[in-house]
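# Working through the structure, step by step
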Amino acid sequence: FSNCYGSYFVMTWLPTYLSEYRGFKHEALGVVAGLPLVLSVIGDVAGGTITDSLARRFGLRLGRVAVAVVGYALASAAMFASIWSSRAGVAAAMIAVAIAASMFTLAASWAACMDIGGEHSAVVSATMNTAGQFGSILSPLAAGWLVTRFSDWQMPLLILAALYAVSAILWLFVNPGKRVL
């Protein structure tokens, strides 16, 4: 949910946020708004490489859970840092780091679906994906409503930072070594 929520904020509202609230002009806006997507590629591949390596060396629990907890904790911290930053460039960079850190968790998430689901991994994966799509639907609607209702561009980022923090905590309860079906 939190990954898709963040991704869809970036795809729908980030350019407007950077322009209206942070004052980025047209020349730099495309580069700065695209930075989270570029860094996400790196985060996603790095997360996959690291989760595989840790799982082989230390077992599924550490290999999946540690990657997700670290990724979401970093995403939350970076998103909070973007909110508190008075410098537009630093705020934009922290948003990019937050989104990339959340993408760092993707491989661990999909691998945990296979670990937990076994021969029913398609059902477990589909359930996770469906929950994510609720985040995709809700994110642009919530961001628009929050900005309109509270006249505060920081509210959507605060919600996202909180979602990442909750995700880090919830991953502590995941046991990829225990099948659910």
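Up top is the structure.
Below is a short write-up of the structure. (Residues numbered from 1 in each chain as written. Predicted model: local features only at pLDDT ≥ 70, side-chain atom pairs only at ≥ 80, totals over all residues. Heavy atoms only, no water.)

### Some details on the overall build of the protein chain
For the protein chain, the helix and strand inventory stands at eight helices and zero strands. Counting helices and strands in the order they occur from the N terminus, the protein chain gives α-α-α-α-α-α-α-α. Against the globule reference of 16 Å for 181 residues, the protein chain gives a C-alpha radius of gyration of 17 Å, in line with a compact fold. On the principal axes, the C-alpha backbone points of the protein chain span a range of 50 × 30 × 25 Å. The buried share of the protein chain, reckoned over its 181 residues, is 45%. Once local pairs closer than 6 in sequence are excluded, the contacts in the protein chain between residues at least 24 apart make up 77%. Total accessible area on the protein chain is roughly 9,200 Å²; 69% of this is exposed by carbon and sulfur atoms. Placing the 10 positive and 7 negative side-chain charges of the protein chain at their respective mean positions leaves the two points 8 Å apart. (Helix = DSSP H or I, 4+ residues; strand = E, 2+ residues; numbered from the N terminus. Rg over C-alpha atoms; globule rule 2.2 N^0.38 Å. Buried < 20%, exposed > 50% of the residue type's maximum accessible area, 1.4 Å probe, protein only. Contact = heavy atoms within 4.5 Å. Areas by Shrake-Rupley, 256 points an atom, 1.4 Å probe, with all protein chains shown as cover. Lys, Arg positive; Asp, Glu negative; His and termini not counted. Charge placed at Lys NZ, Arg CZ, Asp CG, Glu CD.)

### Focus on the environment of Y164
Following the sequence through the fold, Y164 ends up in helix α8 (residues 154-171). The residues contacting Y164, other than those within four sequence positions of it, are S2, G6, Y72, A75, S76, M79, A98, I99 and S102. In this structure the side chain of Y164 is engaged in a polar contact, spanning 3.5 Å, whose partner is the side chain of S102. (Polar contact = N/O pair within 3.5 Å; in protein donor to acceptor, adjacent residues only side chain to side chain.)

### Looking at the nonpolar core
Inside soluble globular proteins, nonpolar side chains tend to come together where they are buried. Within the largest apolar cluster, 34 residues are counted, with the highest numbers of intra-cluster contacts made by Y17, L18, M79 and Y164. Elements supplying a minimum of two residues to this core: α1 (2-12), α2 (14-20), α3 (26-58), α4 (60-84), α5 (88-103), α7 (121-150) and α8. (Core = buried A, V, L, I, M, F, W, Y, C linked by side-chain atoms within 4.5 Å.)

### Details of the pattern of salt bridges
Counting across every chain of the model gives one salt bridge. Where R64 meets D115, a salt bridge forms, and the shortest distance between an N and an O atom there is 2.7 Å. One end of the pair, R64, is in helix α4; the other, D115, is in helix α6 (residues 106-117), and 51 residues separate them in sequence. Given a relative accessible area of 7%, R64 falls into the buried group. (Salt bridge = Lys/Arg side-chain N within 4 Å of Asp/Glu carboxyl O.)

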